[in-house]
Every structure is written in C-alpha cells, then in structure tokens.
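This is what each chain is made of:
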Amino acid sequence: MATRSAHSHGKTYTRREMGGYLIGMFGQNLIYQIVNTGLYFYFQNVICLPAMALGWIMTIARVWDAINDPIMGNFVDRTHTKWGKCRPYLIFGPPVIMVVTILAFFNSNYADATTSGGRIAIILWAAVSYILWGMTYTICDIPLWGLTSVMTEDESDRAKALSLARIAAGFAGVGVLIVQVSQAVGSTFEASGLSHSEAQRRGFIVTAIAMTVLSTILFEFAGLSTRERVEGSKEHYTIKENFAIMWKNRPFRQILISGILRSPMQLLLINAMTIVTYYYANGDIMNVIGKNGLNMPILINMVLVGGMMFVGQFAAMAVTPALMKRFEKKNLYNFFTLIGALPYVGMFALYLLSGGDVRPLSWGIPFSIFIALAGAAMGAINVLQSVMIADCVDYEEYTRGVRTDGVFFSGQSFITKLSSGIAALISSAVFGYVGYSGANVDKLNDALHAGADFLTYDGGTGAGRYAMAMMFIISIPPAIGMALAALDELVERRAEK
C-alpha cells in the first residue's frame, strides 16, 4: 500500500531513473576497482614500491578519509540547488575523479627508479595521488549512496534500490580484470621491443586511461537521469555536532564498529589478482596462452578462483532482499558475519593439507567452493549494511526530527575505505616480513619471465615463502576479523538485555 501510494503521488523513482542510477553505480564502482585492484597491483608488482611504504600510503589515506568523509557528508546536507543536494556532485564530480585516477597511473614516468632521489619521488607521487584520489572519490561516493534516501519516500522502494545498487556495484567487480587486460596490452608493447617491465608499465597506463574514461561516462548517468523527491533537514549542524549525531545513534555506531573489526575481509579482494597472477599464472596472465594453445590448468583455476567468488557474491546479493522480508535484518547481519569466518579457515586448511599446491583440481574445486562461500558472506553483509544505514537515517529522523542522509552515508564510505586501508597495512606487513617488497618483486618478475616457477622460487627468502604469505593473507586475518565482529555483536546484544 505504501509503495502504491508513493507511486500515485510521484514520490518514488521511475524504472528509467532506477536504470540510470544503477548504470551510474556500476560506473562509479568500476573506477573503484580500477584503483583498489589495478592501482594496488601496479604499485606493488609493476613499479615495485616497498611493501611498508605502500601499506602506510594506503593507511594514511584512509585515516584522512576518517576526517574527510563526515566533512563531505556535512557539505551534502547543506547543499540546496535546483538539482537537489546530491545530484550536483554526481553531475560535476566524475570528470575530476577521471583525471586524478589517470594521473595516479603515470607514476614513475618522470623519475629514475634506480636512484634514491627517484625512488623517493615515486613514493611521494604515489602518496599524493592516492590521497587526492580518495578525496575526490568521496565527493561523489557519499552523494551517490545518499541519493537512495531522497529518490523515494517509500521504505521498501529504498531497500530495493539499495539492494539493486549493491548488485550493480558487485557486477563492477569485473573491473579487477584490469590486471589481465593490462598484461595482455603490455605483451603487445613487449613484442615491439620494449623490456618486460617497461612494457607492463605502459600496458597498465593505456588500459587505465581507456577503462577510466568509459567508467566516467557510465558514472554520469547517476546524476543526469535521476530526480530528488525527499527534502532533508532544514536545520544544519557543525561537523562536530554531526560526529556526535552519528556516534549517539546506537544502531549506526554498532554498524561502524562491526565494519572496522571485519575490515580484514577486504584482503581477499585486494589480493585476488596478485594470487591469480602469481600463484596460478606464474607472474604473467598471458601464460594462459601456451606454446601449444590454451594452458587449460591455468585457465580452469582462473575461472574457479575468480568466478566462484563473484558467483557467491551475486547469489547472496540476489537472495538477501527476500531474506530480509522473512528475518530481522540484524539477525541476518550477525549470522553472515559469524558463518563468514568458516570458509576462510577452510581455505588455509586446504592449502596446508595439499602441501602448498591447490592448483590440481582435486584441491582446487573444494578451495573454490570455500571462496564462493566467503564471497556469499561478503555480498550479503554489504547489502545488509547499506539497508541498515538507511534505516539509521530514518531512525534519527523519527527520534530526533533530524534527517542527515549525507552524514550517515559518509559512514558507509568511511567503513569501506578504512577497511581497505587496514587490509592494505596488514597485507604490506606480511609481505614485508617475507621479503615480497620493492626490488625483490622486480627480481621475482625477471626470474619468472625467464622460466622460474613461483611455487618453488627461492630468491633468498625460502622456496614457497611468497606463496604461503599470499594464502595466509587472504584467509587467516579475514577469519579473525569476522570472528571479532561476531563476538562484538554478541557482547552488544547481551548489553541490551
């Protein structure tokens, strides 16, 4: 009845608007994958930044976002234009993100990496460009998610929009293929006479430009094809007051704490392409094309590892809206958080039982099933988190008469980016410990290109050490993080009784 009434009074979105919004959501998250997966891989494995330098760059950027996100949320709530409060940022912001994203990939073009001054310049470029990217991305990320709260007055339509948005964002996971495409493009440069490392660098730059421009065009649909219908609060608050509003909102505070504890879950995403490229494809995705045609073992493993994670995510995203109609959202959230720890443990257990090689199908198939289950937990939690944050906005309006969509959805942006920062720091610490860093990665790339096997490569650190580090990173820390988040929820629930 509420939905029918909202439609009859023009207080909810049309199908055309929702289509445009989802296209924009896909484009925006495609840019996120270009940076979160592609730029991370480029920094770590192509221009070979020191592991701890990379970790601190990511972490410092996310700490700044802890300040920047609520500030941006405050700006959104104070914005009043003929387009509304969210759409102006979605119309004029994407081109800025496009330029900053492309510039981040031009790192090392201007400096000699063989000199200490050149290496410092490259690290500084990486730091400044990545922090600047985070700031510009936030300018559009908060309004994009906040738009769901002002496109409709109907709660069920809003939940539907958020669920579909999460699915569209999940489909943008195809952006992780930037690594494979870049290496394929790089191989054409290598065929023209460039060194392997230089060819790979150029391949990433060309691919990043093409994908970022396309993503930006798609992103523009969100601002140009939608309409805002719900007015925000007329009362404005200082940034300090907005922080207080968020923290005093108990449901939101719990989502925030849970999201931070669960942050190691991001390790599977940010290291997925490193695992696929090195563990399965021996350092170059083009190894899937062997001398006698397709290398089927590599191809099958790539499909299993990459494909099953996305299958799990999409399946969970698709069924979660229906589950929310039958079960309480918080109970579902707690359930997926607790159960989500198990497949990560299973992944590392299989790796150990296999003797360090899960590439044979007898080990690869059950390993990919655990990856699918981990992806399912991730997908369900992402949908539930977005819907529950929207509920927090309604809760705040109901209890205090204040509707600060931008401020609360800045919390979602903060959770996502801080989680990536914490995950990057954990990843860098582990890689730094085993020596998978800087010049060692460059030596590894040359050795693999000359015919060495990644699983038996020594490099002075011990055979198989890099492979074990990768498998450890994507399994044990995420399992611990999920368990801590579930324990925190249990403690909170007991405190409520």
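Coordinates for the structure precede this section.
Bear in mind the structure is a predicted one, so any value in this text is a computation, not a measurement.

Engineer: Please provide a residue-by-residue account of a nonpolar patch on the surface, values included.
Structural biologist: On the surface, a nonpolar cluster with roughly 700 Å² of combined accessible area is contributed by Ile289, Leu294, Met296, Ile300, Leu361, Ile365, Ile369 and Leu373. Sorting the residues of the nonpolar patch by element identifies helix H14 (296-326) and helix H17 (361-400) as the ones contributing at least two each. The element that contributes the greatest number of residues to the nonpolar patch is H17, accounting for four residues.

Engineer: Help me get a handle on the nonpolar core, residues and values and all.
Structural biologist: Within the largest apolar cluster, 140 residues are counted, with the highest numbers of intra-cluster contacts made by Tyr279 and Phe454. With 16 residues, H17 is the largest single contributor of residues to this core. The contact partners of Phe454, leaving out residues within four places of it in the chain, are Tyr278, Tyr279, Asn282, Leu444, Leu448, Tyr466, Ala467 and Met470.

Engineer: Outline the packing of aromatic side chains, supporting the account with residue identities and numerical values.
Structural biologist: Counted by the stated rule, this structure contains 21 aromatic pairs. Their ring planes at 75° and their centres at 5.4 Å tell us that Phe335 and Phe336 sit as a pair that is edge-to-face. Judged by its relative accessible area of 46%, Phe335 falls in the partly exposed class. Classification of Phe336 as buried rests on a relative accessible area of 16%. Where Tyr457 meets Tyr466, the ring centres are 6.2 Å apart and the plane angle is 35°; that geometry is what we call tilted. Given the relative accessible area of 3%, Tyr466 is considered buried.

Engineer: Break down the pattern of salt bridges for me, with residues and values.
Structural biologist: Once their charged atoms are close, side chains differing in charge can pair, the charge on each being opposite to the other. Scanning the model with the defined rule gives five salt bridges in all. A salt bridge links Arg229 to Glu17; its shortest N-O distance comes to 2.6 Å. Of this pair, Arg229 sits in the loop between helix H9 (196-224) and helix H10 (239-248) while Glu17 sits in helix H2 (residues 15-46), placing them 212 residues apart in sequence. Taking relative accessible area as the criterion, Arg229 reaches 10% and is therefore assigned buried. For Glu17, a relative accessible area of 8% translates into the label buried. One salt bridge in this structure joins Asp357 and Arg359, with 2.9 Å as the shortest N-O distance.

Engineer: I'd love a proper account of H2, names of residues and values included.
Structural biologist: Across its 32 residues, H2 extends 43 Å between first and last C-alpha, which sits within 8% of the 46 Å expected from 1.5 Å per residue. The sharpest bend along H2 measures roughly 30° and falls at Gly38. Of all 32 residues that make up H2, 27 are buried, and the element is covered over most of its length. The first or second residue beyond H2 is Cys48, which carries a positive phi of 55°.

Engineer: Quick one: what's the story with the packing of helix H13 (residues 272-280) against H14, residue by residue and with numbers?
Structural biologist: Running from N to C, H13 and H14 point in directions that differ by 165°, and their axes come no closer than 10 Å. In terms of their interaxial angle, H13 and H14 are classed as roughly antiparallel. In this structure, the crossing between H13 and H14 has a hand that is right-handed. Contacts from Ala272, Val276 and Tyr280 in H13 reach Ile298, Asn301, Met302, Val305 and Met309 in H14. For the contact of H13 with H14, the residue count by class is seven nonpolar, one polar and no charged.

Engineer: So, unusual backbone geometry: which residues are in play, and what are the values?
Structural biologist: Positive phi values are uncommon outside glycine, yet Cys48 reaches one of about 55°. Note that Cys48 resides in the loop between H2 and helix H3 (51-78). Judged by relative accessible area, which is 12%, Cys48 ranks as buried. Within the chain, Asn282 stands out as a residue other than glycine whose phi angle is a positive 55°. Summarising the element assignment, Asn282 is placed in the loop between H13 and strand E1 (289-290).

Engineer: Break down the environment of Val35 for me, with residues and values.
Structural biologist: Tracing the backbone through its elements, the reader meets Val35 in helix H2. Apart from residues lying up to four places away in sequence, Val35 is in contact with Tyr40, Thr101, Tyr130 and Trp133.

Engineer: Provide a residue-level description of the packing of H2 against H13, including the pertinent values.
Structural biologist: Viewed as axis vectors pointing N to C, H2 and H13 meet at an angle of 50°, and their least axial separation amounts to 9 Å. Relative to H13, the element H2 lies oblique. Side by side, H2 and H13 meet where Thr37, Phe41, Gln44 and Asn45 of the first sit next to Met273, Thr274, Thr277 and Tyr278 of the second. The class makeup of the residues in the contact of H2 with H13 is three nonpolar, five polar and no charged.

Engineer: So what about the side chain of Thr216? Which residues, and what values?
Structural biologist: Positionally, Thr216 belongs in helix H9. Using a relative accessible area of 6% as the deciding quantity, one classes Thr216 as buried. Contacts of Thr216, omitting those with residues within four sequence positions, involve Ile31, Pro94, Pro95 and Met98.

Engineer: Before we move on, could you go through the environment of Ser197 and cite the residues and values that matter?
Structural biologist: Tracing the sequence through the fold places Ser197 in helix H9. The spatial distance from the C-alpha of Ser197 to the C-alpha of Val46 is 6.9 Å, given a sequence separation of 151 residues.

Engineer: Break down the side chain of Gln266 for me, with residues and values.
Structural biologist: The residue Gln266 is located in the loop between helix H11 (250-261) and helix H12 (267-270) in this model. Residue Gln266 is classed as buried on the basis of its relative accessible area of 13%. Among all residues touching Gln266, those that are not within four sequence positions of it are Ser419, Ser420 and Ala423.

Engineer: Now, about the state of the cysteines: what can you tell me, with residues and values included?
Structural biologist: Evaluated as defined, the whole model comprises zero disulfides. Looking at the unpaired Cys140, the closest cysteine sulfur is the one in Cys86, lying at 11 Å. The buried category is assigned to Cys140, whose relative accessible area is 0%. In this structure Cys392 is a free cysteine whose sulfur lies 17 Å from that of Cys86, the closest cysteine sulfur available.

Basis of the calculations
Residues numbered from 1 in each chain as written. Predicted model: local features only at pLDDT ≥ 70, side-chain atom pairs only at ≥ 80, totals over all residues. Heavy atoms only, no water. Patch = residues over 30% accessible without salt bridge, like charges linked within 9 Å, V, L, I, M, F, W, Y side chains within 5 Å. Areas by Shrake-Rupley, 256 points an atom, 1.4 Å probe, with all protein chains shown as cover. Salt bridge = Lys/Arg side-chain N within 4 Å of Asp/Glu carboxyl O. Helix = DSSP H or I, 4+ residues; strand = E, 2+ residues; numbered from the N terminus. Core = buried A, V, L, I, M, F, W, Y, C linked by side-chain atoms within 4.5 Å. Buried < 20%, exposed > 50% of the residue type's maximum accessible area, 1.4 Å probe, protein only. Contact = heavy atoms within 4.5 Å. Phe/Tyr/Trp six-rings, centres within 6.5 Å; stacked < 30°, edge-to-face > 60°. Expected span 1.5 Å × (residues − 1). Bend = angle between axes of the 7 residues up to and from the residue. Axes fitted to C-alpha atoms, helices over the stretch in contact; angles between N-to-C directions. Parallel < 35°, antiparallel > 145°, perpendicular 65-115°, else oblique. Left-handed = near helix turned anticlockwise from the far one by under 90°. Nonpolar A, V, L, I, M, F, W, Y, C, P; charged D, E, K, R; others polar. Disulfide = S-S within 2.5 Å.

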